[in-house]
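Given next are the chains, with one letter for each unit.
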Amino acid sequence: PMATTGDAREAEPLLGGGDTGAPASWWPRGRGRALVAGAMLVLLGLCAGSAVGPMPTVLSRLGDDDAAPAPTYPAAEEPPLLDPLVSFNTPRCRQTRASLARVTNHDGDVVVIPELRAVYVDIVKAASESIRSALEDNFHASWSADLGQYKHPVTGRPQRSSTSYLTDDVLANYTFFTFVRDPNTRFRSSYEQAICRERCTLCTARGAGTMYTPTISEITAFLQGRLMHFYGDIALRGERSDEITLQEAWVDEHFESQILRLSGATKDGTPVPLNFVGRVESFEHDWARLMDHLGVKEGDPRRVTPGHQEHACDIPERGKIVQRQRASPVTTLEKVAVAALYHDDFECLGYHKPKI
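Anyway, here's the lowdown on the structure attached to this text. Predicted model, so just to flag it, every value in this text is computed and none were measured.

1. Looking at the overall build of the protein
Scanning the protein from N- to C-terminus turns up 13 helices and four strands. The buried share of the protein, taken over its 356 residues, is 51%. Sequence-distant contacts in the protein: of pairs separated by 6 or more residues, those separated by 24 or more amount to 77%. In the form shown here, the protein has an accessible surface area of approximately 15,900 Å², with 55% of it arising from carbon and sulfur atoms.

Structure follows, in C-alpha cells:
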C-alpha cells in the first residue's frame, strides 16, 4: 500500500533502479545510450565559441601554505588541483560561462554590499546561507534588497537581488566574490535540502495524495534525462531559455551547477565578473583573506568567520529516509552521474572527479 499524505515512503524506484549499486533500468541502451552521449556533446558544444569580456583586474591566489580546513565544513575528497580563480579563468571556462549566460539567460542571485563596495555571487550549498547571514548581520546587506526586481515580478521565482539588475557602476567598480565547494560532497548536501523541502518537486510524483521520497539514484537519473532534453531543445531551436524553464530542468535550484550559478547574465547578456574565489574546504582561511581584500582590518569584529548552518527537514519522517540515503555508500552510477552533471564544476573550479 502507498503512504498517505504527510507520510514519507521509501518504496520501489520511481524511475527504475534503486540505491543498491546494481545497474538501474533507466540506464539507456543502444540508441538511448547514444542520445545521452549526444546530449552531453550538445551541452559541451554550447560552451564554445563565444566572446568573453576581459579577465578580472584583481586576481586572488590561494597559496600552497593555506591553513587547514575549518573543522565544521566538509573537506574535499582530494586536494583541489588548482587555485579556483586560475582554472576559472582558462579560455575554455570563460567561454563556458559566456555561453551559459547567453543560452540559459540565467539571472543569478547576488548580494550587493555597498559598505564594502562588493558583490557576493551566491552558490547554494557552498556555505551560502552562512555567508548571507554574516553579510546581513555585519554589513547590512541582503539578497532581498530592492535593485528593481520588485517592479518586474517573475511568477514562481523569489524576488531576490539578481545579476540582470546590477548597474554599470557596480559592475565596473565593485569586487565580485564567491565560495565554491567540491561537487562530490555538494551533491549529497543538495539532495538533502532539495528533498527535505516541503515543496519538494518530485515528492508528489505518484499523485497529490501520496508522499514519496525519491532516492539518490532516482534523482541522478531524473536530472540527466531532464537536462538532456533541456539542452537538446536549446540547441535544436537556437533560442534562449527562460529562468523558470531552466530551474525546472535542474528540478530544484539546489542541484544547479556552480558554474551555472556563476554565469548569471547582466543586462547586456554577459556573465558577471569575478575577482575572488574562496573554497568551502578552507573556509576560515579564505574568509580572512577575503576580509583583507575588502579592507576589513584585523580586530574588526565583522571579520569573524561565519558559523556553519544546517537546515532542518520540513517533514521529519522524510528526513530519516534522506539521512539514510546520505549515509549510504556512493555507487559507481552516482559517481558517473555526478561527473557528467557537474563536468564544468570539476574542470573550471579545479576539483578532482570521483574515482570509479
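2. Some remarks on the pairing of strand E1 (residues 110-113)
Here E1 shows two buried faces, one formed by Val110 and Val112 and the other by Val111 and Ile113. Both E1 and strand E2 (residues 118-121) contribute to a ladder of four bridges, which runs antiparallel. Bridging from a neighbouring strand, Val110 pairs with Val121 of E2. Hairpin connection, E1 to E2: the antiparallel pair is bridged by four residues, and Arg117 has positive phi, about 50°.

3. Let's talk about the sheet that holds strand E3 (residues 175-180)
Paired through their backbone hydrogen bonds, the strands of a sheet run either parallel or antiparallel. As summarised here, the arrangement of the four strands in space is E1-E2-E3-E4, forming an open sheet in which the pairing is mixed. The outermost strands of the open sheet, each flanked by one partner alone, are E1 and strand E4 (276-279). Each neighbouring strand pair of the sheet contributes to a mean axis angle of 20°, computed without reference to strand direction. Sheet topology note: the E2/E3 ladder contains three bridges and is parallel. Each residue of the ladder has a partner; that of Tyr120, found in E3, is Phe177.

4. A short note on the side chain of Asn184
As for its position among the elements, Asn184 is in helix H6 (residues 183-196). Within polar-contact distance, the side chain of Asn184 engages the side chain of Asp182 at 2.8 Å. A polar side-chain atom of Asn184 sits 3.2 Å from the main-chain carbonyl oxygen of His352.

5. With respect to H6
Residue pairs three or four apart in sequence face the same way in an α-helix, which turns once every 3.6 residues. When the terminal C-alpha atoms of H6 are compared, their 20 Å separation across 14 residues agrees well with the 20 Å that a helix rising 1.5 Å per residue should span. For H6, the tally of buried residues reaches 13 of 14 residues, placing the bulk of the element in the interior.

6. Re the packing of H6 against helix H11 (residues 316-327)
Following both chains from N to C, one finds H6 and H11 inclined at 165°, their axes separated by 10 Å at the closest point. One way to sum up the angle between H6 and H11 is to call them roughly antiparallel. As for the relative orientation of H6 and H11, their crossing is right-handed in sense. Contacts from Arg188, Ser189, Tyr191, Glu192, Ile195 and Cys196 of H6 reach H11 at Arg318, Gly319, Val322, Gln323, Gln325, Arg326 and Ala327. Grouping the constituent residues of the contact of H6 with H11 by class yields five nonpolar, four polar and four charged.

7. Examining the state of the cysteines
Tallying each qualifying case throughout the model produces three disulfides. Residue Cys93 pairs covalently with Cys348 via a disulfide, S to S 2.1 Å. Sign of the S-S torsion, about -95° for the bond between Cys93 and Cys348, identifies this disulfide as left-handed. Placement of Cys93 in helix H3 (residues 91-104) and of Cys348 in helix H13 (residues 343-349) is noted, with a sequence separation of 255 residues between them. Pair check on accessibility: Cys93 and Cys348 agree, each one buried. Bridging Cys200 to Cys203, the disulfide has an S-S length of 2.1 Å.

8. Observations regarding the environment of Cys196
On the secondary structure map, Cys196 appears in helix H6. Overall, Cys196 belongs to the buried group, its relative accessible area being 7%. Excluding residues within four positions of it along the chain, Cys196 makes contact with Cys313, Asp314, Ile315, Arg318, Gly319 and Val322.

9. Describing the side chain of Asp286
Among the secondary structure elements, Asp286 is positioned in helix H10 (residues 283-293). Despite its burial, Asp286 pairs with no opposite charge; the closest candidate is Arg289, at 4.4 Å N-O. Separated by 2.9 Å, the side chain of Asp286 and the backbone nitrogen of Arg279 make a polar contact. A distance of 2.9 Å separates polar atoms of two side chains, one belonging to Asp286 and the other to Ser282.

Cut-offs applied
- Residues numbered from 1 in each chain as written.
- Predicted model: local features only at pLDDT ≥ 70, side-chain atom pairs only at ≥ 80, totals over all residues.
- Heavy atoms only, no water.
- Helix = DSSP H or I, 4+ residues; strand = E, 2+ residues; numbered from the N terminus.
- Buried < 20%, exposed > 50% of the residue type's maximum accessible area, 1.4 Å probe, protein only.
- Contact = heavy atoms within 4.5 Å.
- Areas by Shrake-Rupley, 256 points an atom, 1.4 Å probe, with all protein chains shown as cover.
- Pairing = 2+ DSSP bridges.
- Axes fitted to C-alpha atoms, helices over the stretch in contact; angles between N-to-C directions.
- Polar contact = N/O pair within 3.5 Å; in protein donor to acceptor, adjacent residues only side chain to side chain.
- Expected span 1.5 Å × (residues − 1).
- Parallel < 35°, antiparallel > 145°, perpendicular 65-115°, else oblique.
- Left-handed = near helix turned anticlockwise from the far one by under 90°.
- Nonpolar A, V, L, I, M, F, W, Y, C, P; charged D, E, K, R; others polar.
- Disulfide = S-S within 2.5 Å.
- Lys, Arg positive; Asp, Glu negative; His and termini not counted.
- Salt bridge = Lys/Arg side-chain N within 4 Å of Asp/Glu carboxyl O.

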